[in-house]
Amino acid sequence: MNGMRKKLLIVGVALVAVSAVAATQYARAELSYTYNINHPSNGFIRFVGGDNATDGMRVLRADATNTTLELDFGEMTAGVNKTYTAAFAIVNEENFSVDITDIEVATTSGADYLHIWLHGDPTAASGGTFMWDGSNGDQTPGDSTAWTLAAGNSNPADMDGTSIATTWDSTAEVRYTEDTTPAADGTDDYVWVQISLDIPSNPDGLTAHTGTISFDFQATTH
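The rules behind the values
- Per-chain numbering applies: the sequence of each chain, read as written, is numbered from 1 onward.
- Totals for whole chains, interfaces and linings use all residues, but because this is a predicted model, local features are given only for residues with pLDDT of at least 70 and pairs of side-chain atoms are given and counted only at 80 or more.
- Side-chain numbers here rest on the full set of heavy atoms in the structure, without hydrogens or water.
- Helix and strand assignments come from DSSP, with helices taken as H or I runs of at least 4 residues and strands as E runs of at least 2, each series counted from the N terminus.
- Only protein chains enter the accessibility calculation, which uses a 1.4 Å probe; a residue is then buried when its area is under 20% of its type maximum, exposed when over 50%, and partly exposed in between.
- Residue contacts are counted whenever heavy atoms from the two residues lie within 4.5 Å of one another.
- What sets the accessible areas is the Shrake-Rupley method with a 1.4 Å probe; for residues, cover comes only from the shown protein chains.
- Take the buried Ala, Val, Leu, Ile, Met, Phe, Trp, Tyr and Cys residues and link them wherever side-chain atoms come within 4.5 Å; each set so joined is a nonpolar core.
- Just to be clear on terms, a salt bridge is a Lys or Arg side-chain nitrogen sitting within 4 Å of an Asp or Glu carboxyl oxygen.
- Within 3.5 Å is the distance limit for a polar contact, defined as a pair of N or O atoms, with the added protein rule that one can donate a hydrogen and the other accept it, and that residues adjacent in sequence qualify only through two side-chain atoms.
- Here the term patch refers to residues with relative accessible area over 30% and no salt bridge, with like charges joined within 9 Å and nonpolar side chains (Val, Leu, Ile, Met, Phe, Trp, Tyr) within 5 Å.
- Aromatic pairs are defined between Phe, Tyr and Trp rings, using the six-membered ring for Trp, whenever the two ring centres lie within 6.5 Å; interplanar angles under 30 degrees are classed as stacked, those over 60 as edge-to-face, and all others as tilted.
- Cation placement over rings: the criterion is NZ of Lys or CZ of Arg within 6 Å of the ring centroid and within 35° of the ring normal.

(A) Just the overall build of the chain, in detail. Scanning the chain from N- to C-terminus turns up one helix and 14 strands. For the chain, with 222 residues in total, the buried portion stands at 36%. Within the chain, contacts between residues separated by at least 24 positions form 71% of all contacts whose residues are at least 6 apart in sequence. As displayed, the chain has an accessible area near 13000 Å², and 52% of this comes from carbon and sulfur atoms.

Written out as C-alpha cells, the structure is:
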C-alpha cells in the first residue's frame, strides 16, 4: 500500500508541473508588412534585354501574361552554331553586393545544345565564367561564387550606377540597353549572360525545345 501511494504521489506532482507549464501565457504583438510584386525587369535583381533573336525581337521578352520573362532564340537549323554574346544582363538594385553562385537548366528538351557564360564584355565571344556546358551540365563547382554584382542604386531606369540607361522596349515588354561598356566582376552592378546554341547535324527531331534556366543568388546583409 505504501508503495502504491508513493507512485500516485509522483504522478500527481508530475501532472501539476505539466499543468503549470501549459498555463504560461504571453502577450500578443501585431506587425504590419508591405511589399510589391514588380515586373521582372524592375525587380531588385532584374533582367535587361540585349541581343535580338532571329525574329527581330529581343531574345529576352515577356510572356503572354507580361508577368514572366522568357528567352526566345528563334528558328535554328541542323548543324548551326549561334552565339548571343549579350542575350541579357543581370542587374543588382540592392544596396549591397550580391553573388551569383549557381545555374540550373530544367528542360523538356534541348539543354544539351546550350552553353552559358557570365562575362563582362557584351561584344566578346570569350572570357568570363563558364556556367553550363550542354550535356556536361553545371560547371559551377560546389556552388562557389561565379560572379559578384556590386551594390545597385534601386533605380530600374539605369545600371552601372547611373551611367547606362535601361529604357523600355514596348515590343518585348522588357527594359533593354545596347550600351557595350564592359562590366567588371565585383565592381559593377551588372553582368552579361552569353548563350551559345550548338545544334548538331542530327538533332533530336524537328520540334520546339523548351526548358527553364535558373540562377542562384547569395548575399550577406548584416
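(B) Geometry of the nonpolar core. Core analysis: the biggest nonpolar cluster contains 33 residues, and Phe88, Ile90, Ile100, Leu118, Val193, Ile195 and Phe215 have the highest contact counts within it. Elements that contribute at least two residues to this core include exactly strand E2 (60-62), strand E4 (81-92), strand E5 (98-107), strand E6 (114-119), strand E7 (129-133), strand E8 (147-149) and strand E13 (190-198). The residues touching Ile195, leaving out its near neighbours within four places in the chain, are Leu71, Phe73, Lys82, Thr83, Tyr84, Ala87, Phe88, Leu114, His115, Ile116 and Ile213. Core analysis: the second largest hydrophobic core is formed by nine residues, Val48, Ala89, Val91 and Met159 among them.

(C) Broad picture of the pattern of salt bridges. Applying the stated criterion across every chain yields a total of five salt bridges. Between Arg58 and Asp169 there is a salt bridge, with its nearest N and O atoms 2.9 Å apart. Of this pair, Arg58 sits in the loop between strand E1 (45-49) and E2 while Asp169 sits in strand E11 (residues 167-169), and the two are 111 residues apart along the sequence. For Arg58, a relative accessible area of 7% puts it in the buried group. Taking the shortest distance from any N to any O, the salt bridge between Arg61 and Asp72 comes out at 3.5 Å. One end of the pair, Arg61, is in strand E2; the other, Asp72, is in the loop between strand E3 (69-71) and E4, with eleven residues separating them in the sequence. Each of Asp55, Arg61 and Asp72 takes part in a single network of salt bridges with overlapping partners.

(D) Looking closely at the environment of Asn153. Assignment of secondary structure puts Asn153 in the loop between E8 and strand E9 (158-159). With 36 residues separating them in the primary sequence, Asn153 and Asp189 have C-alpha atoms 8.9 Å apart. In contact with Asn153, not counting residues within four places along its chain, are Glu93, Asp158, Gly161 and Thr162. Separated by 3.3 Å, the side chain of Asn153 and the backbone oxygen of Gly161 make a polar contact.

(E) Representation of a nonpolar patch on the surface. Residues Tyr33, Tyr35 and Ile37 make up a contiguous nonpolar surface patch of roughly 490 Å² in combined accessible area. You can see Tyr33 is positioned in the loop between helix H1 (2-22) and E1.

(F) Focus on the side chain of Thr148. Within the element layout of this structure, Thr148 appears in strand E8. Classification of Thr148 as buried rests on a relative accessible area of 19%. At a separation of 2.7 Å, a polar atom in the side chain of Thr148 contacts the side chain of Asp99. If near-sequence neighbours (up to four positions away) are discounted, Thr148 is found in contact with Ser97, Val98, Asp99, Asp185, Gly186 and Asp188.

(G) Focus on the packing of aromatic side chains. Counting across every chain of the model gives five aromatic pairs. Ring centres of Phe88 and Phe215 lie 6.3 Å apart, and the angle between their planes is 75°; on these two criteria the pair is classed as edge-to-face. Of this pair, Phe88 sits in strand E4 while Phe215 sits in strand E14 (residues 211-218); the two residues are 127 residues apart in sequence, bridging distant segments of the chain. Summarising the aromatic geometry, the rings of Trp117 and Phe130 are spaced 4.8 Å apart at their centres and angled 20° between planes, so their arrangement reads as stacked. Of this pair, Trp117 sits in strand E6 while Phe130 sits in strand E7, and the two are 13 residues apart along the sequence. Look at Phe130 and you get partly exposed, because its relative accessible area is 27%. Through pairs of rings, three or more aromatic residues link up here, namely Phe47, Phe88 and Phe215. Here the basic side chain of Arg58 rests over the ring of Tyr176, its NZ or CZ set 3.9 Å away from the ring centre.

(H) Fine view of the side chain of Ser109. Mapped onto the elements of the fold, Ser109 is located in the loop between E5 and E6. Apart from residues no more than four positions distant in its own chain, Ser109 is found in contact with Ala208, His209 and Thr210.

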